[in-house]
Amino acid sequence: MLIETFTVGMLSTNCYVVSSQYDKEAIIIDPGLDSSSEAKQIFDYITQSNLKIKLIVNTHGHQDHVTGDAIFQEKYNVPIYIHKYDSPCIEYMQKSKGTPVVFLGEGSLIKFDNESLKVMHTPGHSPGSICLVGEGLVFSGDTLFAGSIGRTDFPGSSNRDMQLSLQRLMRLPDNLLVYPGHGPSTLIGEEKKVNPFLMG
Ligand SMILES: [Zn+2]
Ligand SMILES: [Zn+2]
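None of these values were measured; they are calculated from a predicted model.

A. Just the coordination of the zinc ion (ligand 1), in detail. Listed as protein donors to the zinc ion (ligand 1) are His60 (NE2), His62 (ND1), His125 (NE2) and Asp142 (OD); their distances from the metal cover 2.1 to 2.5 Å. Geometry at the zinc ion (ligand 1) is irregular, judged from its four donor atoms and the angles of 88 to 173° they form at the metal. Considered as a linear motif, the donors of the zinc ion (ligand 1) on their single chain read H-x1-H-x62-H-x16-D. The distance between the zinc ion (ligand 1) and the zinc ion (ligand 2) comes to 3.5 Å, with Asp142 serving as a donor to both metals. With His62 in the loop between strand E4 (52-57) and helix H2 (63-66) and Asp142 in the loop between strand E10 (137-141) and strand E11 (144-145), this pair connects stretches of sequence that are 80 residues apart. Note on accessibility: His62 and Asp142 belong to one class, buried.

B. Layout of the nonpolar core. One finds Phe6, Val17, Ile28, Ile42, Ile46 and Phe72 to be the most contacted residues of the largest nonpolar core, which totals 22 residues. At the level of secondary structure, the elements contributing two or more residues to this core comprise strand E1 (2-8), strand E2 (13-19), strand E3 (25-29), helix H1 (36-48), E4 and strand E5 (80-83). Of all the elements, H1 adds the most residues to this core, at five residues. Discounting residues that sit within four places of it in the chain, Ile46 has contacts with Val17, Ile28, Leu51, Ile53 and Tyr76. Counting residues in each nonpolar core, the second largest holds 18 residues, with Val18, Ile27, Ile29 and Phe139 among its members.

Basis of the calculations
Residues numbered from 1 in each chain as written. Chains lettered and ligands numbered in written order. Predicted model: local features only at pLDDT ≥ 70, side-chain atom pairs only at ≥ 80, totals over all residues. Heavy atoms only, no water. Donors = N, O, S within 2.8 Å, 3.2 Å for Na, K, Ca; no water. Tetrahedral: all angles 85-135°; square planar, octahedral: opposite > 155°, others 65-115°. Helix = DSSP H or I, 4+ residues; strand = E, 2+ residues; numbered from the N terminus. Buried < 20%, exposed > 50% of the residue type's maximum accessible area, 1.4 Å probe, protein only. Core = buried A, V, L, I, M, F, W, Y, C linked by side-chain atoms within 4.5 Å. Contact = heavy atoms within 4.5 Å.

These results come straight from atomic positions and should not be treated as a statement about function.
Given below as structure tokens:
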């Protein structure tokens, strides 16, 4: 699995292009960009690497993770995958664009080529927040950051759910690489040691 990170939008969201080296199929995670001009570097990377985009995944429905959905949907004509509890956040796009949306739930598999990512439903930051677990890595959205966690003061947030979701994440193997929705990547084992929000 090859991962290319693009930091986009006003809130410096990590947009990941994840591809298989086998047959060049790829997915886009959280295209939270503000403008089509920002999409150009991502389009260029995809073209130069000869990738075939299969789908877009949103780790949750907040603006800073979904605003670029339509730009990529239009360019590659692919469906958008999101947890059903956060799907109302992108309904306005369905109406205007006829965007096919695929609803994810706990245990759903996202497949491209011989790769797959398994959905872990991790509510707390938002009701439909998900993490995507693959071989040796996890995309943690706005649930877990290096040294911090996602806010739980938004409408639909739940501090209690967040605590339960973090407990589940901490049961993942220590050597799992964490690719968060914002900021640098880290390791589950490292967060167990240094993240003050996990020591409560
Ligand atoms: Zn968020
Ligand atoms: Zn965010």
